[in-house]
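Close look at the chain arrangement
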Amino acid sequence: MSDQVSRRSLLAAGAAIGLGSGAQAEASPNDAAQDGAAQQDWPRQQGRSMINVPFERRDTVRLAIIGLGNRGGGMIGSFLAVPGVKVTALCDIRPEFAARAAKAVTGAGQPAPALYTKGDHDFENMVRRDDIDLVYVASPWEWHVPMALAALRAGKHVGVETPFATSINELWQLVDASERYQRHCMQLENCCYGQNEMRVLRMAHAGLFGDLLHGAGAYIHDLRELLFSDTYYEAEWRRAWHTKRELKGDLYPTHGLGPVANYMDINRGDRIVRISSMGTPALGLAEYRAAHEQPGDSSWKERYVESDTTISLLQTAKGRVIRLEHDVSTPHPYSRLNHLAGTKGKFEDYPPRIYLEPKHTNDQWASFDEFKSYDHWLWTDVPPGPGGHGGMDYYMAYRTIQTMRLGLVPDMDVYDGAVWSAPVPLSSRSIDQHGAPQQIPDFTRGRWREKRPGVDSVKPPKN
């Protein structure tokens, strides 16, 4: 399944979600709990928690990829460059996409992978193979949950592109399946592996910001030209999300929220308990269409409801505040905000700048280069590889494979992915209720208070 997909397959995705049925209804508010925030009812636990569960150690990670379009096709080079990876199977509804990716595999000196290109559900056949350890899902958003569930039921670990899912019910399905089948289901969030993000993370854990107070993250990216492209997102599947009445809020929260959640040790001593969101009118895409699309184009049948800008405030059990923004429909430079503030100072990105006491006392921003010594070992000790986004794609792939080969606990687990994507449905619900706070479920089922490692990992003795 590629991120270029037919209208037919978009409709089929709704039925495919039934593959994971057995999950409970969406979480609803319950009585106030010990942490002072309203808790949520959650599905009865059907398996053991995946917190602190290591991978099985293996010399080689056998990888299968579902979706070989823009993202999946772009990531294959990064995975092939990581030591100890063997690509055994590829799946896409377009045979030419699969053939192109297979050529990259054989060009790297590996045997030709098995190809699965026979329709929307051929991934179900692929995940049943016995020569796959990890399934990487890089399909359109509607397919993330059914594909991940199929892989988990087949006994495979799964890495999913963003967003994890688009409803609270689906997020619980992923948590439940990961626990039931004892396989990791990870949101492969590349921005958590950015150089600046990892440096700030280590500085926060070293206490340089003092007690943390607030942070900000975003996905601010002018996608108008790509959203209306006839080729970039086939059948304009991504633009279609801007027409869904039930989703008017933050459709892409994890790039901004993941790093800030790491700074604040979310699910590792703190948790996000509520979100309140507001959205602007949906004007940008219609204005762009009027200026650039010909009369009679299919887009003229569409009515856009997704807020041009969504601004959310999230609060944690410890009282910290996270500001989250989303905007892909108006003109502006790219930004993920990436802010962190504490009692001793603040960092702001785009461009990076910092002010910390007692080092800075002249009321002027200082250069972030002063703190290069806090770079994570991935950025100092591992040679850079191929791939985009300034190197973070490769380091995400490298670290994922490394944890599997060494039998380590993954940096990010199913509970992280669920929390980071919860703003997709809940910001929309809050907007519909004029900014009313929405409770975020405790996907860890009470284990968020436990201190444990995450992306700020210790360099293993063997890489």
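Please read these numbers as outputs of a predicted model, since none were measured by experiment.

Each value, and the rule that gives it
Residues numbered from 1 in each chain as written. Predicted model: local features only at pLDDT ≥ 70, side-chain atom pairs only at ≥ 80, totals over all residues. Heavy atoms only, no water. Axes fitted to C-alpha atoms, helices over the stretch in contact; angles between N-to-C directions. Helix = DSSP H or I, 4+ residues; strand = E, 2+ residues; numbered from the N terminus. Parallel < 35°, antiparallel > 145°, perpendicular 65-115°, else oblique. Contact = heavy atoms within 4.5 Å. Nonpolar A, V, L, I, M, F, W, Y, C, P; charged D, E, K, R; others polar. UniProt positions renumbered as here; feature names shortened; annotations may be inferred. Pairing = 2+ DSSP bridges. Buried < 20%, exposed > 50% of the residue type's maximum accessible area, 1.4 Å probe, protein only. Core = buried A, V, L, I, M, F, W, Y, C linked by side-chain atoms within 4.5 Å. Salt bridge = Lys/Arg side-chain N within 4 Å of Asp/Glu carboxyl O. Right-handed = clockwise from strand over helix to strand, strands pointing away. Phe/Tyr/Trp six-rings, centres within 6.5 Å; stacked < 30°, edge-to-face > 60°. Lys NZ or Arg CZ within 6 Å of the ring centre and 35° of its normal. Polar contact = N/O pair within 3.5 Å; in protein donor to acceptor, adjacent residues only side chain to side chain.

**Let's talk about the packing of helix H6 (residues 168–181) against helix H14 (residues 414–421)**
Relative orientation of the contacting elements H6 and H14 amounts to 180°, with a least axis distance of 10 Å. Relative to H14, the element H6 is oriented roughly antiparallel. On H14, the residues that touch Leu 171, Leu 174, Val 175, Ser 178 and Glu 179 of H6 are Val 414, Tyr 415, Gly 417, Ala 418 and Ser 421. A class-by-class count of the residues in the contact of H6 with H14 yields six nonpolar, three polar and one charged.

**Brief notes about the UniProt feature "domain: Glycosyl hydrolase 109 C-terminal" (unreviewed entry) in the chain**
UniProt tags residues 198–367 as "domain: Glycosyl hydrolase 109 C-terminal" (unreviewed entry). Strand forms 25% of residues 198–367 and helix 21%; the C-alpha atoms that close the span are 17 Å apart.

**Some words on the sheet that holds strand E14 (residues 345–348)**
As summarised here, the arrangement of the eight strands in space is E15-E14-E13-E9-E12-E11-E10-E16, forming an open sheet in which the pairing is mixed. Among the strands making up the open sheet, the edge pair consists of strand E15 (353–356) and strand E16 (438–439). Where E14 and E15 come together, four bridges link them in antiparallel fashion. Counted as the bridge partner of Gly 345 is Leu 356 from E15. On top of the sheet, helix H10 (residues 254–263) reaches strand E9 (212–220), strand E10 (272–279), strand E11 (310–316), strand E12 (321–327) and strand E13 (339–342); it is set at about 160° to E9, its chief contact.

**Focus: helix H5 (residues 144–153)**
For H5, a buried count of nine out of ten residues is recorded, marking the element as mostly surrounded by other parts of the structure. Taken together, the buried positions of H5 are His 144, Val 145, Pro 146, Met 147, Ala 148, Leu 149, Ala 150, Ala 151 and Leu 152. The positive-phi residue at the C-terminal boundary of H5 is Gly 155, with phi of around 85°.

**Considering the nonpolar core**
Counting residues in each nonpolar core, the largest one holds 107 residues, and the members touching the most others are Tyr 193 and Phe 209. Excluding residues within four positions of it along the chain, Phe 209 makes contact with Val 200, Met 203, Ala 204, Leu 340, Gly 342, Thr 343, Lys 344, Gly 345, Lys 346, Phe 347, Ile 354 and Leu 356. Residues Leu 227, Tyr 288, Val 328 and Val 424 belong to the second largest nonpolar core, which totals 16 residues.

**A few points about the UniProt feature "domain: Gfo/Idh/MocA-like oxidoreductase N-terminal" (unreviewed entry) in the chain**
UniProt feature "domain: Gfo/Idh/MocA-like oxidoreductase N-terminal" (unreviewed entry): in the numbering of this structure it lies at residues 62–186. Helix makes up 42% of residues 62–186 and strand makes up 20%, while its end C-alpha atoms are separated by 16 Å.

**Some remarks on helix H7 (residues 195–205)**
The buried fraction of H7 amounts to eight of the eleven residues, a majority that puts the element mostly inside the structure. Against E9, H10, E13, E14, E15 and helix H12 (377–381) lie the buried residues of H7. Among the residues trailing H7, Gly 207 stands out with phi positive, at a value near 85°.

**What about the pattern of salt bridges?**
Under the defined criterion, the tally for this structure stands at 26 salt bridges. In this structure, the salt-bridge partner of Glu 179 is Arg 445, at a minimum N-O distance of 2.7 Å. Linking Glu 179 in helix H6 with Arg 445 in the segment after E16, this pair joins segments that are 266 residues apart in sequence. Comparing Glu 179 with Arg 445 shows no difference in burial state: the two are buried. Two residues, Glu 348 and Arg 353, come together in a salt bridge whose shortest N-O distance is 2.6 Å. By relative accessible area, which is 12% here, Glu 348 ends up buried.

**Some details on the pairing of strand E7 (residues 157–160)**
Burial of E7 is two-sided: the residues His 157 and Gly 159 facing one way and the residues Val 158 and Val 160 facing the other way are all buried. In the sheet, strand E6 (residues 134–137) pairs with E7 via four bridges, with the strands oriented parallel. Its bridge partner being in E7, Leu 134 is matched across the sheet by His 157. With H5 bridging E6 and its parallel neighbour E7, the resulting β-α-β unit is right-handed. Relative to strand E8 (residues 185–187), E7 runs parallel, the two sharing three bridges. Bridged to Val 158 within E8 is Cys 185.

**A word on the packing of aromatic side chains**
Pairs of aromatic rings are described using the distance from one ring centre to the other and the angle between the two planes. Within this structure, the stated rule accounts for 17 aromatic pairs. When the ring of Tyr 394 is compared with that of Tyr 398, the centres are 6.0 Å apart and the planes differ by 50°; the resulting orientation is tilted. You can see Tyr 394 and its partner Tyr 398 sitting in helix H13 (residues 392–406), four residues apart, about one turn around the helix. What makes Tyr 394 buried here is its relative accessible area of 5%. Since its relative accessible area comes to 7%, Tyr 398 is described here as buried. Chaining the aromatic ring pairs together yields one cluster made of Trp 141, Tyr 219, Tyr 232, Tyr 233, Trp 237, Trp 241, Tyr 252, Tyr 334 and Tyr 350. The positively charged end of Arg 100 is found above the aromatic ring belonging to Phe 97, 4.8 Å away from the centroid.

**With respect to the environment of Asp 375**
Looking at where Asp 375 falls in the secondary structure, it is placed in the loop between E15 and H12. The spacing of Asp 375 and Leu 171 is 204 residues in sequence and 33 Å in space, taken between C-alpha atoms. With sequence-adjacent residues up to four places away left out, Asp 375 is seen in contact with Gln 195, Arg 199, Arg 202 and Thr 380. Among the polar contacts listed, one links the side chain of Asp 375 to the side chain of Arg 199, at a separation of 2.7 Å.

**Things to note about the environment of His 221**
Along the polypeptide, His 221 turns up in the loop between E9 and helix H8 (224–227). Residues His 221 and Met 392 lie 171 residues apart in sequence; the distance between their C-alpha atoms is 18 Å. In terms of polar contacts, His 221 uses its side chain to reach the side chain of Tyr 219, at 2.8 Å.

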